[in-house]
Amino acid sequence: MVSKPHGGKLVKRLMSEKAKERTLEEKNSYIRISISERAALDLENIAYGIYSPLDGFLREDDLISVLNDMHLSDGLAWTIPIVLDVNEGNINFTEGDEILLCYNELPIAKMDVDNIYKYNKKEYAQKVFKTTDINHPGVANTYKMGDYLIGGDIKLINEIPNKFSKYTLRPEDTRKLFKKNTWKTIVAFQTRNVPHLGHEYLQKSALTFVDGLFINPVLGKKKKGDYKDEVILKAYETLFKHYYPKDSAVLATVRYEMRYAGPREAIHHAIMRKNFGCTHFIVGRDHAGVGNYYGPYEAQEIFKNFPDLGITPMFFKEFFYCKKCKGIVNEKICPHPMEDREYFSGTKIRNMIVEGKEPPEYFMRKEVYETIMSFENPFVGDE
């Protein structure tokens, strides 16, 4: 059966049209604070139940519990702090106040301020990212945060502009779609890249054991050299058209800023897909990792500590092309030495595309390559 939401109930924190109209009319009577794009996306994910059971930003007791025990204070598994930071100079409100959270002057949500509290950034970074190295992007972002956090329930007023709304499905939508497709078991795959053959073999290996596949690309902040969101989506559409059985897979996006927290974030990603209704979640090599901060399969090992998560992880070793096997395999099924193996390297494939060279057929589907090349500038920062 489609999985139950985390905590048992799908959260919905949307302001009614009537309340929204009244709030916007009275907006000048509220204290307003400006929030980051990440916070705005987190608000959206809270409001639509992607972060169920959260109904707002973490209060201090929950943050302490998440940092120390990877569970909320009520004992439910939760590994990534969803918090709202603020600088001391911007705290012109008190606990018990209602405030408006604004992004680029647009009111995004109303928040009941239950809690205003200090936290230790170094401890936060060490617990979440297992390092205090400023070169880790998650640590760097933590040190840039305000010195105070505010916790409390929210109600969503507006969403930030979404140019990929046609690819957007909420947990309420996916659950209806899975039911319509009569899928009882659904495996989710998270991606931030165009698909190469390694991804395809990973997805199809998992699909062998379930009714449906949910490809869920993460859209959000990207660094120079990453593939543009529209390129990733078109590449997957091409792959679906030519290489996936009809009605066996669904493509829908989620707007979320990666934390690069490795093992902890792997659990968080699984919980998000559980809320979409998925029963299984693919965890590959170095999931949500960056640099050399985590072991290659550490994100798989952490699931041993969460036997009652309510979504089944599917673990795979890294796929590669073996010249002796003459096919795509992984170390679990291939006995041949390293010199016979060609690993899927995103950097290598990207360099080929930059040079206008078609990757070998065992690296990337010809149709996917042609789709990427149909864009004048497929990479961020190349305009």
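Before any of the text, the structure's been laid out above.
Residues numbered from 1 in each chain as written. Predicted model: local features only at pLDDT ≥ 70, side-chain atom pairs only at ≥ 80, totals over all residues. Heavy atoms only, no water.

Draft legend 1. Layout of the environment of Ala188. Note that Ala188 resides in strand β8 (residues 186-191). It is 6.3 Å that separates the C-alpha atoms of Ala188 and His280, two residues lying 92 residues apart in sequence. Apart from residues no more than four positions distant in its own chain, Ala188 is found in contact with Phe214, Arg273, Cys278, His280, Phe281 and Ile282. (Helix = DSSP H or I, 4+ residues; strand = E, 2+ residues; numbered from the N terminus. Contact = heavy atoms within 4.5 Å.)

Draft legend 2. Broad picture of the packing of helix α3 (residues 60-69) against helix α4 (residues 121-129). Relative orientation of the contacting elements α3 and α4 amounts to 50 degrees, with a least axis distance of 8 Å. Comparing their axes, α4 and α3 come out oblique. On the side of α3, the interface is formed by Leu63, Leu67 and Asn68, while α4 contributes Glu123, Tyr124, Lys127 and Val128. In terms of residue class, the contact of α3 with α4 is made up of four nonpolar, one polar and two charged. (Axes fitted to C-alpha atoms, helices over the stretch in contact; angles between N-to-C directions. Parallel < 35°, antiparallel > 145°, perpendicular 65-115°, else oblique. Nonpolar A, V, L, I, M, F, W, Y, C, P; charged D, E, K, R; others polar.)

Draft legend 3. Representation of the packing of helix α7 (residues 197-207) against helix α8 (residues 229-243) within the structure. Put simply, α7 and α8 touch, their axes get as near as 13 Å, and they point 55 degrees apart. By the angle between their axes, α7 is oblique relative to α8. Of the two elements, α7 crosses α8, and the hand of that crossing is right-handed. Only Tyr236, Leu239 and Tyr243 of α8 make contact with α7, whose side of the interface consists of His199, Glu200, Gln203 and Lys204. Residues that form the contact of α7 with α8 fall into these classes: three nonpolar, two polar and two charged. (Left-handed = near helix turned anticlockwise from the far one by under 90°.)

Draft legend 4. Here's a closer look at the side chain of Thr238. Locating Thr238 in the fold gives a position in helix α8. Excluding residues within four positions of it along the chain, Thr238 makes contact with Glu367, Val368 and Thr371.

Draft legend 5. Inspection of the sheet that holds strand β15 (residues 327-330) at higher detail. Strands sit in the order β15-β14-β16 across an open sheet of three strands; the sheet is antiparallel. Strands at the two margins of the open sheet, each flanked by one partner only, are β15 and β16 (341-343). Strand-to-strand, the axes of this sheet are offset by a mean angle of 45 degrees, without reference to chain direction. Here four bridges tie strand β14 (residues 319-322) to β15, and the two strands are oriented antiparallel to one another. Its bridge partner lying in β15, Cys322 is registered against Gly327. (Pairing = 2+ DSSP bridges.)

Draft legend 6. Geometry of the side chain of Asn275. Position of Asn275 relative to the elements: it lies in helix α9 (residues 263-276). Setting aside its immediate chain neighbours within four residues, Asn275 contacts Pro5, His6, Leu10, Gly49, Ile50, Tyr51, Ser52, Pro171 and Arg175.

Draft legend 7. Representation of the environment of Asp247 within the structure. For Asp247, the position within the fold is in the loop between α8 and β10 (249-251). C-alpha of Asp247 to C-alpha of Leu213: the two residues are 34 residues apart in sequence and 9.3 Å apart in space.

Draft legend 8. Quick peek at the environment of Lys27. Note that Lys27 resides in the loop between α1 (17-25) and β1 (31-34). Along the primary structure Lys27 and Gly198 are separated by 171 residues, whereas in three dimensions their C-alpha atoms are 51 Å apart.

Draft legend 9. Region of interest: unusual backbone geometry. In this model, Ser52 is joined to Pro53 through a cis peptide bond whose omega is 15 degrees. For Pro53, the location among the structural elements is in the loop between α2 (37-47) and β2 (56-57). Here the phi dihedral of Glu105 falls at roughly 75 degrees; this positive angle occurs in a residue that is not glycine. Counting through the fold element by element, Glu105 comes out in the loop between β4 (98-103) and β5 (106-112). The class of Glu105 is exposed, set by a relative accessible area of 72%. The residue Ala288 is not glycine, and still its phi comes out positive at about 60 degrees. Mapped onto the elements, Ala288 comes out in the loop between β12 (280-283) and α10 (298-301). Overall, the relative accessible area of 11% leaves Ala288 in the buried class. (Buried < 20%, exposed > 50% of the residue type's maximum accessible area, 1.4 Å probe, protein only.)

Draft legend 10. Spotlight on the pattern of salt bridges. Going through the model one piece at a time under the given rule, you end up with 22 salt bridges. Glu257 serves as the salt-bridge partner of Arg38, at 3.5 Å between the closest nitrogen and oxygen. With Arg38 in helix α2 and Glu257 in the loop between β11 (254-255) and α9, this pair connects stretches of sequence that are 219 residues apart. Like Arg38, the residue Glu257 is buried in the burial classification. Residues Glu298 and Lys130 are paired through a salt bridge, measuring 2.3 Å at the closest nitrogen-oxygen approach. Remark: Lys130 occurs in the loop between α4 and α5 (137-144) and Glu298 occurs in helix α10; sequence separation between them is 168 residues. (Salt bridge = Lys/Arg side-chain N within 4 Å of Asp/Glu carboxyl O.)

Such coordinate-based values are descriptive only and should not be taken to indicate function.
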